[in-house]
Amino acid sequence: MPMYNPKIESMKADEIRKLQEERMVKMVRYAYERVPMYKKRFQEKGIGPDDIKSLEDVHKVPFTLKNDLRDHYPYGILAVPVTEVVRFHASSGTTGTPTVVSYTKHDMDVWTNNMARAYACAGATPNDIVQNAYGYGLFTGGLGFHYGAERLGCAVVPTATGNTKRQLQMMKDFQTTVLCCTPSYATFLGEAAKKAGMDPLKDLSLKVGMFGAEPWSNEQRKHIQDTLGLRAIDNYGMSELYGPGVAVECEHQNGLHIWGDEFYVETIDPDTGEVLEPGKKGEMVITMLTREAMPLLRYRTKDICVINWEECECGRSHPKIMRITGRSDDMLIIGGVNVFPSQIESVLLDTPGIGDQYQIIVDRALLDSLYVKVEVAPEAWNAPGFNKDALAKKVGENLTAVLTLRAKVELMEPGALPRTEGKAKRVIDLRKE
Ligand code: ADP
Ligand code: ZN
């Protein structure tokens, strides 16, 4: 598939590094001169913008945290007068008070271009019909996916989330080729289509799925692809970094290309802050290289990933982030063992007879063992001679084998767990309620 911006997207790694260096040096000075918080942080460390002359010096730059944005509510760390802002968004607040983010005209342009690149990278073309089932509003997903598709030249059907029946009808009647939504909503749409007597493989014309905004596993991907008959592409973004369009997979589905001309990405040890070599798993830290309204220097995303700088078969040599396996603050410690919900999901979806809806219950009383509620797949539930106890035992054994943890498993009837139209709520932490 043609690239949206071949000149930038096919730049060689050393050219990208050179561009990153120029932009980094400029951005550090910009942030220092315009945002009092940055000036203060630099001064506390006894350094100034002159100390950042190349990418080798980036490790000296202080980190920015989510709390820094919350502390500067509502206007964040604005580097321009409010009169130059053309848009505000706020994060969904999955992990606390919402954070407000702001954009100038230039920022909107960069974001929209990043999204147009993402669509083309995923295999979309100007001839596609894009049904955008992300939420419109303060959440960046809706408008981000919307304007990016328009910029590429696609026709957008802005259905937004919900109203599943109408959503499916339009998908059929409009012959939608690209579907945008969270992976959990994609799974739900597949189930709902079957319930409504539709055969998505015959009745729909889907080609590409632009799925993201939450962690999902390869097993879930396979399930969605088989059900909806499309290529399910992983999209990563967060509101602080414009929104969606930070990194996206190409048709090879082997890591997400992160646009290196706009984002300088590092991984660090979340405990010590030390920068890790590419290939080592750590917390992703991102500097936005041309953001005008709210510069973010070394922003700690809390997302855990691995960076890989190998050139991809698609011809793009921007760094790749291998799929996000969870957030550092998502990690559960159960019986002294560190567990990410994604690991649990992977075991569940790998067990034959198990559906793809689950909940992990964390309770003080259960601190030394895992408690999961998981739905049985409809085929297994309805099969003659289905043995619920045997299957529950099998799931428990698989979880114990992989995670070295005792596990309590409660099997549920298909459809029994709540569905969401946005981000799935997989971990129910009773300790916080
Ligand atoms: P909030 O932090 O309030 O949820 P956002 O809506 O901006 O704010 O969500 C950003 C977060 O969503 C990311 O930090 C990451 O944890 C998660 N996320 C987004 N896209 C993906 C993806 N493709 N895979 C895994 N996690 C993702
Ligand atoms: Zn590629």
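Now for a description of the structure that goes with this document. Because the structure is a prediction, the values reported are computed rather than measured.

Parameters and conventions
- Residues numbered from 1 in each chain as written.
- Chains lettered and ligands numbered in written order.
- Predicted model: local features only at pLDDT ≥ 70, side-chain atom pairs only at ≥ 80, totals over all residues.
- Heavy atoms only, no water.
- Pairing = 2+ DSSP bridges.
- Helix = DSSP H or I, 4+ residues; strand = E, 2+ residues; numbered from the N terminus.
- Contact = heavy atoms within 4.5 Å.
- Axes fitted to C-alpha atoms, helices over the stretch in contact; angles between N-to-C directions.
- Buried < 20%, exposed > 50% of the residue type's maximum accessible area, 1.4 Å probe, protein only.
- Polar contact = N/O pair within 3.5 Å; in protein donor to acceptor, adjacent residues only side chain to side chain.
- Donors = N, O, S within 2.8 Å, 3.2 Å for Na, K, Ca; no water.
- Tetrahedral: all angles 85-135°; square planar, octahedral: opposite > 155°, others 65-115°.

### With respect to the sheet that holds strand 12 (residues 299-305)
Reading across the sheet, the four strands line up as 10-11-12-15 and stay open at both edges, with antiparallel pairing between neighbours. Taken across any chain shown, the strands that pair with only one partner, and hence form the sheet edges, are strand 10 (263-268) and strand 15 (326-327). Sheet analysis places strand 12 next to strand 15, joined by two bridges and oriented antiparallel. Counterpart to Ile-304 in the pairing with strand 15 is Gly-326. Where helix 2 (residues 13-34) meets the sheet, it contacts strand 10 and strand 11 (282-288), and its direction lies at approximately 90° from that of strand 10.

### Regarding the side chain of Glu-375
Assignment of secondary structure puts Glu-375 in strand 19 (residues 369-376). Glu-375 sits in the buried class, given a relative accessible area of 3%. Reaching out from Glu-375, the side chain makes a polar contact with the backbone nitrogen of Ala-416 at a distance of 3.2 Å. Setting aside residues up to four positions removed in sequence, Glu-375 forms contacts with Ile-354, Gly-355, Gln-357, Met-412, Glu-413, Pro-414, Gly-415, Ala-416, Leu-417 and Arg-419.

### Let's talk about the coordination of the zinc ion (ligand 2)
Distances from the zinc ion (ligand 2) to its protein donors, namely Cys-250 (SG), His-257 (NE2), Cys-312 (SG) and Cys-314 (SG), fall within the range 2.1 to 2.3 Å. Each of the four donor atoms around the zinc ion (ligand 2) contributes to a set of angles spanning 102 to 116°, which defines the coordination as tetrahedral. Motif for the zinc ion (ligand 2), donor spacing along one chain: C-x6-H-x54-C-x1-C. Take Cys-250 and His-257: they sit in the same class, and that class is buried.

Any functional reading would require information that these geometric values do not contain.
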